[in-house]
Amino acid sequence: MATVNDVVIKIGTVNGTGSASANGLLRKSIFRMGVPVVGKNYFPSNIQGLPTWYEIRVTGDGYQSRSNRVDVMVAMNAQTYARDMADVEPGGWLIYDSTWPRSQLLNREDITVIGIPFSRLCNENFDGARARILMKNIAYVGAVAALLDIDLDIITTLLEETFAAKAHLIESNMQAIRLGYDYAKENVSCPLPMRVEAMDETSGSIIIDGNTAAGLGCMYAGATVGAWYPITPSTSLMDAFRSFCSRYRVDPQSGKRTYAIIQAEDELAAIGMVLGAAWNGARSFTPTSGPGISLMSEFIGFAYYAEIPTVIFNVQRTGPSTGMPTRTQQCDIISCAYASHGDTKHVLLFPADPSECFHTAVSAFDLAERLQTPVMVMSDLDIGMNDWMIPELEWDESYVPDRGKVLGAAELEEMDKFYRYLDVDGDGIPYRTLPGVHPKGSYFTRGSGHTKLGAYTEDSAAYQDVVDRLLVKWETARGLLPKPDIRYAKFNKAALITIGSGDGACKEALDRLAEQNIGLNYCRIKAFPFAAEVREFIEQHDVVYVVEQNRDAQLRTLLINDLEADQTKLVRLLHYNGMPINAGFVVDRVLEEIAKGRAA
Amino acid sequence: MSFIAKPKVSHPGMPKNKLGLTSRDYEGTVSTLCAGCGHDSVTAAIIQAVFELGIEPHMLAKMSGIGCSSKTPAYFVSQSHGFNSVHGRMPSVTTGANAANSELTYIGVSGDGDSLSIGVGQFVHAIRRNLNMCYVIENNGVYGLTKGQFSASADIGSKPKKGEPNQQEPIDPVSTALSLGATYIARSFSGDKEQLVPLLKGALMHRGFALVDIVSPCVTFNDHEGSTKSYAHTRQFYHHVIDIDYVPPAEEIKAAYGEGEAMPIEMHDGSTIVLRKVDKDYDLTSRASAFKYLREHFNAGEITTGLLYLDESRAEMHELMGNIDTPLSHLPLDGLHPGSEELKKLQNRYR
């Protein structure tokens, strides 16, 4: 197993011991060597004490998804030692804290076990229990650096940047790095055959999580009202928005803010606040996850029928019910597409990585205001909370926000009478007015039956007229939404379709299948309702593997429902154990189907 | 609801407010509530209050949830935007609306079911935020549209038209608001317009959360003998403690008050509330003593009315958040981000 820049390092620690900064340091130092990396966090729903893992995939080829392999395991948590050892690929390495003897029962002949007495080294060199625990984590960064040939100068620079204001911390951290580094150098043959070597593949890139990028996108979109109720894994989106706003949205003279962040009493209130603010002309949004969507459903239907721009970020987690809040899935596709009672359907956008989270955040506001309807950005925990390498984000200075059809005071002044729900332009989108602009603009926003003039009604024809017009708007939406990303390997009758975070695993799987002369075409859907191109793509193929991260093939169901796609050719390729999907899984499932006689 | 257009009848001699509008300009569509419903009297009082205050119709926002009470914003000030939201959720919509535009005057009309049962969570949290709004509860103790079930404000022993008397403790919006720190708390009766109109005016002009709990009998389901929310019962046990007069900014206090009877309080907008104390021992600035008084009179079966608590000093939601004075929804979007160069710079930390 001698490789360069193709290694997966997994670190098992105890939650709440400060391992996140050590792991970040390790990941960043590889990135600074110009080598692409992916960082995945597998953490418990817990504050302190339960096991947590961080996985760094060093991928010179620049693949984005998780690998299903562990080459180097840093087993710092005795609770999970046995399980961590079992995870290592044959021929791989396991590093453990050899301060205390290891049970002889735990052994594997097919891997190399490296003992480094981290606790003893730190106890000898640092004072205080907390410092010793923290430094033990920093020390394993040093050991891994020696083993994988990571540049110590880069680690030093990173520590200097991190602790610019606290020189003594640079020194103590560096000392801890040295303890691990020197011990490994003296006692193990370094570097290992699997190692890291400087490249030039990361300049112009950043490492960021999707929630941070989405929060940044909300600020750039000009959102002024954010209402939310804390829920994993969406919380860090509002944290990011708050942090960017506190830096860029506070008037330096007066110290006053141009944003309102309201922590609501629950998700029912959060979405109500978003609607109230949007009704009043502000760009407003709420980040949430599946259980939040359940609570918001009544208001989502209201926004659909009363036609209020609404932006919701659903950072999906594993369900049903409370499920596994710190694990990922794409399991709210149907509940979001048809959220609320009655005939409702909603625009969904599927970002695939943090870069798309940033740009989709901006376009979500444009689309919501253009279409006067809820728009849901369907992220997930994998995108939202993991560390992705993406090209540096750019802002197009020529961007002009689409505020949709809003009548101003001058237009209202010239009008004889304003009617809220008339389809003046034939695209199914009526004109709206904002309170406080002009007396002629007034109308009564209601969820009860209303006519196209905006009046209350219980008249069958008048009711039906409005809900039929909403279908016209639905077709307008279909044309406005982002088109799918379609790639043809060669003319072929078989293809993969996926959404969102399935992208990385599918693209890598396509490469691997191509190595076996299986050339599948590819379509990544970016929005619902599905574009005409998606229909054509399905029609062109005999077999379409629908790759998604839920048990019930929700994307497949939606394709059948929205496009009347031929269900016999849509093959379920489902990954739903809560871990991010990986390329190996896709490859194996495709090969399995081919072995059963499916066309390739 | 409101599908019958109301004919506009105007007399040349009708009084005009400071904007040159008559009270007709503050009317809405024809009410579809039962004849004699207390809510229609409240609607009339709201029209009078808004007209007399001279609020520009389009600068008023009418918010509501679901229920008989929540239909009423259609029956006043047609030239205002209205938001008839979902059941019990008017406070959150108003919170968001106010966050976006602090320039409008917000009046929310709710009922005892809407605010004290399904929406009690949102009601209490709007108070905690000291949301700047006038929050009207048309309190009749029953659900009208679903035909007469008790609500959470029904008193112990109150008899329904059919079935068993209520045995559960009522939720009193006034003492609830008092315990949560609402800054303007009043109670009145739909049948007492003289007391109600000035209380509504004060509530509309108060900066912060102003609750006006109004006993507003349901003539169809809760106006019989044995009901504690009937017209007859309310009239019999009605107890005035502090009535008020509202005096607009820059206007002199003209009414004649007896020695020691009147106490003027200046409000944020420069207007004055003159307290006319009926019970001179009542202290409307002390939460503790107000609570004690209310409880004692409640125990004696009395309905204490008037302006029951006032605190003009507490910051409202925007002040608590430290927001600029310009409504957030008026800010041009391109001024709300630092541009492409800064985006480049701020990403250095992600390398």
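Keep in mind that this is a model prediction, so the values were computed, not measured. (Residues numbered from 1 in each chain as written. Chains lettered and ligands numbered in written order. Predicted model: local features only at pLDDT ≥ 70, side-chain atom pairs only at ≥ 80, totals over all residues.)

1. A few points about the overall build of chain A
Move 1: Across its full length, chain A holds 19 helices and 23 strands.
Move 2: Taken along the three principal axes of its C-alpha coordinates, chain A extends 90 × 70 × 40 Å.
Move 3: Across the 600 residues in chain A, those meeting the buried criterion constitute 54%.
Move 4: Considering only intrachain contacts with a sequence separation of at least 6, the fraction spanning at least 24 residues in chain A is 75%. (Helix = DSSP H or I, 4+ residues; strand = E, 2+ residues; numbered from the N terminus. Buried ≥ 20, exposed ≤ 12 C-beta atoms within 10 Å, placed from the backbone. Contact = placed C-beta atoms within 7 Å.)

2. A word on the overall build of chain B
Move 1: Of the regular secondary structure elements, chain B holds eleven helices and ten strands.
Move 2: Against the 2.2 N^0.38 benchmark of 20 Å for 351 residues, chain B shows a C-alpha radius of gyration of 21 Å, consistent with a compact globule.
Move 3: Considered along the principal axes of its C-alpha atoms, chain B spans approximately 75 × 50 × 50 Å.
Move 4: Intrachain contacts of chain B at a sequence separation of at least 6 include 72% that bridge at least 24 residues. (Rg over C-alpha atoms; globule rule 2.2 N^0.38 Å.)

3. Concerning the packing of helix H5 (residues 120-128) of chain B against helix H6 (residues 173-180) of chain B
Residues and elements named next belong to chain B.
Move 1: At a minimum axis distance of 9 Å, the contact between H5 and H6 shows a crossing angle of 40°. Accordingly, the angle class assigned to the pair H5 and H6 is oblique. Of the two elements, H5 crosses H6, and the hand of that crossing is right-handed. Here H5 contributes Val124, Ile127 and Arg128 to the contact with H6, which in turn contributes Thr176, Ala177 and Leu180.
Move 2: For the contact of H5 with H6, the per-class residue count stands at four nonpolar, one polar and one charged. (Axes fitted to C-alpha atoms, helices over the stretch in contact; angles between N-to-C directions. Parallel < 35°, antiparallel > 145°, perpendicular 65-115°, else oblique. Left-handed = near helix turned anticlockwise from the far one by under 90°. Nonpolar A, V, L, I, M, F, W, Y, C, P; charged D, E, K, R; others polar.)

4. Regarding the sheet that holds strand E2 (residues 81-84) of chain B
Move 1: An order of E17(A)-E2(B)-E1(B)-E3(B)-E4(B)-E6(B)-E5(B)-E10(B)-E7(B)-E9(B)-E8(B) is seen for the eleven strands of this open sheet, with the pairing classed as mixed. Every other strand in the sheet has two partners, leaving strand E17 (444-446) of chain A together with strand E8 (262-266) of chain B as the edge strands with one partner each. Looking at each pair of strands side by side, their axes are set apart by 20° on average, direction ignored.
Move 2: Across four bridges, the pairing between strand E1 (residues 60-64) of chain B and E2 of chain B is parallel. Residue Met63 of chain B lies in a different strand from E2 of chain B, and its bridge partner there is Phe83 of chain B. (Pairing = 2+ DSSP bridges.)

5. Points about unusual backbone geometry
All names here are of chain A.
Move 1: Of note, the bond from Thr232 into Pro233 is cis; its omega dihedral lies within 30 degrees of zero at 5°.
Move 2: Within the secondary structure, Pro233 is located in the loop between strand E10 (225-228) and helix H8 (235-248).
Move 3: The linkage connecting Phe528 with the following residue, Pro529, adopts the cis geometry, with an omega of 5°.
Move 4: Along the chain, the position of Pro529 falls in the loop between strand E21 (527-528) and helix H17 (532-540).
Move 5: A positive phi angle is found at Ser321, which is not glycine, with a value near 55°.
Move 6: With respect to the element layout, Ser321 can be found in the loop between strand E13 (310-316) and helix H11 (333-337).
Move 7: A tally of 7 C-beta atoms within 10 Å means that Ser321 is categorised as exposed.
Move 8: Even without a glycine there, the phi angle at Asn517 is positive, about 65°.

6. Quick look at the interface of chain A and chain B
Move 1: Listed as interface residues are 59 residues of chain A and, on the opposing side, 49 residues of chain B.
Move 2: For the side of chain A that touches chain B, the secondary-structure elements that each account for two or more residues are strand E9 (205-208), helix H7 (210-221), E10, strand E11 (260-263), helix H9 (267-279), helix H10 (290-306) and E17 of chain A.
Move 3: In terms of residue class, the side of chain A that touches chain B is built from 31 nonpolar, 17 polar and eleven charged.
Move 4: Of the strand pairs in this sheet, E17 of chain A and E2 of chain B are connected by three bridges, and their pairing is parallel. Within the sheet, the bridge partner assigned to Phe444 of chain A lies in E2 of chain B and is Gly82 of chain B.

7. Let's talk about helix H19 (residues 583-595) of chain A
Residues and elements named next belong to chain A.
Move 1: Between its first and last C-alpha atoms H19 spans 18 Å; for 13 residues at 1.5 Å apiece the expected length is 18 Å, and the two agree.
Move 2: Turning to H19, its buried residues number three or more, namely Ala583, Phe585, Val586, Val587 and Val590.
Move 3: For H19, the elements touching its buried residues are helix H16 (502-515), strand E22 (543-548) and strand E23 (570-574).
Move 4: Phi for Gly597, located one or two positions after H19, is positive at around 105°. (Expected span 1.5 Å × (residues − 1).)

8. Focus on the packing of helix H1 (residues 19-32) of chain A against helix H5 (residues 152-162) of chain A
Residue and element names in this part refer to chain A.
Move 1: Interhelical geometry of H1 versus H5 gives an angle of 120° and a closest axis separation of 9 Å. Considered as vectors, H1 and H5 are oriented oblique to each other. Our pair here, H1 against H5, has a crossing hand that is right-handed. Side by side, H1 and H5 meet where Leu25, Lys28, Ser29 and Arg32 of the first sit next to Ile154, Ile155 and Leu158 of the second.
Move 2: Grouping the amino acids of the contact of H1 with H5 by side-chain chemistry returns four nonpolar, one polar and two charged.

9. Comments concerning the pairing of E22 of chain A
Residue and element names in this part refer to chain A.
Move 1: Counting buried positions along E22 yields six of six residues, so the element is predominantly enclosed.
Move 2: The sheet contact formed by strand E19 (residues 494-499) and E22 spans five bridges and is parallel. Looking at E22, one finds that Ala495 is bridged to Val544.
Move 3: As paired strands, E22 and E23 are joined by five bridges and run parallel to one another. Considered in E23, the bridge of Val546 is made with Arg572.
Move 4: Note on the crossover from E22 through helix H18 (residues 554-563) to E23: the handedness is right-handed. (Right-handed = clockwise from strand over helix to strand, strands pointing away.)

10. Examining the nonpolar core
Move 1: Core analysis: the biggest nonpolar cluster contains 259 residues, and Ala143, Val144 and Val546 of chain A together with Cys134 and Leu200 of chain B have the highest contact counts within it.
Move 2: For this core, the element with the most residues is helix H4 (residues 129-148) of chain A, which contributes twelve residues.
Move 3: Leave out the neighbours within four places in its chain, and Cys134 of chain B touches Tyr106, Ile107, Leu200, Ala203, Leu204, Ala210 and Val212 of chain B. (Core = buried A, V, L, I, M, F, W, Y, C linked by C-beta atoms within 7 Å.)

11. Quick notes on the pairing of strand E15 (residues 374-380) of chain A
Residues and elements named next belong to chain A.
Move 1: Buried residues dominate E15, accounting for seven of its seven residues.
Move 2: Taking every second residue as pointing to the same face, both faces of E15 are buried, with Pro374, Met376, Met378 and Asp380 on one and Val375, Val377 and Ser379 on the other.
Move 3: As judged from the seven bridges shared by E13 and E15, these two strands associate in the parallel manner. By the bridge assignment, Ile312 is partnered in E15 with Met376.
Move 4: Of the pairings in the sheet, the one linking strand E14 (residues 347-349) to E15 comprises three bridges and is parallel in character.

12. Observations concerning the domain arrangement of chain A
Residue and element names in this part refer to chain A.
Move 1: According to the domain assignment, chain A contains domain 1 (3-203), domain 2 (208-391), domain 3 (409-480) and domain 4 (485-595).
Move 2: Between domain 2 and domain 3, the contact holds 14 residues from the first and 13 residues from the second.
Move 3: Residue classes in the side of domain 2 that touches domain 3 are distributed as seven nonpolar, three polar and four charged. (Domains from an automatic or database assignment.)

13. So, the environment of Ala186 of chain B
Residues and elements named next belong to chain B.
Move 1: Locating Ala186 in the fold gives a position in strand E5 (residues 184-189).
Move 2: Note: C-alpha distance between Ala186 and Asp245 (59 residues apart in sequence) is 13 Å.
Move 3: Excluding residues within four positions of it along the chain, Ala186 makes contact with Leu199, Ala203, Leu211, Val212, Gly306, Leu307 and Leu308.

14. Focus: the environment of Asp153 of chain A
Residues and elements named next belong to chain A.
Move 1: With respect to the helices, strands and loops of the structure, Asp153 is situated in helix H5.
Move 2: Taking the C-beta count within 10 Å as the criterion, Asp153 has 9 such neighbours and is therefore assigned exposed.
Move 3: With 124 residues separating them in the primary sequence, Asp153 and Ser29 have C-alpha atoms 9.3 Å apart.

15. Here we look at helix H3 (residues 90-100) of chain B
Move 1: A large share of H3 of chain B lies buried, amounting to eleven of its eleven residues.
Move 2: For H3 of chain B, every residue scored as buried is listed here: Met90, Pro91, Ser92, Val93, Thr94, Thr95, Gly96, Ala97, Asn98, Ala99 and Ala100 of chain B.

16. Re the environment of Arg446 of chain A
Move 1: Secondary-structure assignment places Arg446 of chain A in strand E17.
Move 2: Along the chain, Arg446 of chain A and Ala306 of chain A lie 140 residues apart, while their C-alpha atoms are 6.1 Å from each other.

17. A few points about the sheet that holds E10 of chain A
Move 1: With mixed pairing, the seven strands of this open sheet are ordered in space as E11-E10-E12-E13-E15-E14-E21 (chain A). Single-partner strands in this sheet number two, and they are E11 and E21 of chain A.
Move 2: Its contacts with the sheet put H3 of chain B on E10, E11 and strand E12 (284-288) of chain A, and the angle it makes with E10 of chain A is roughly 155°.

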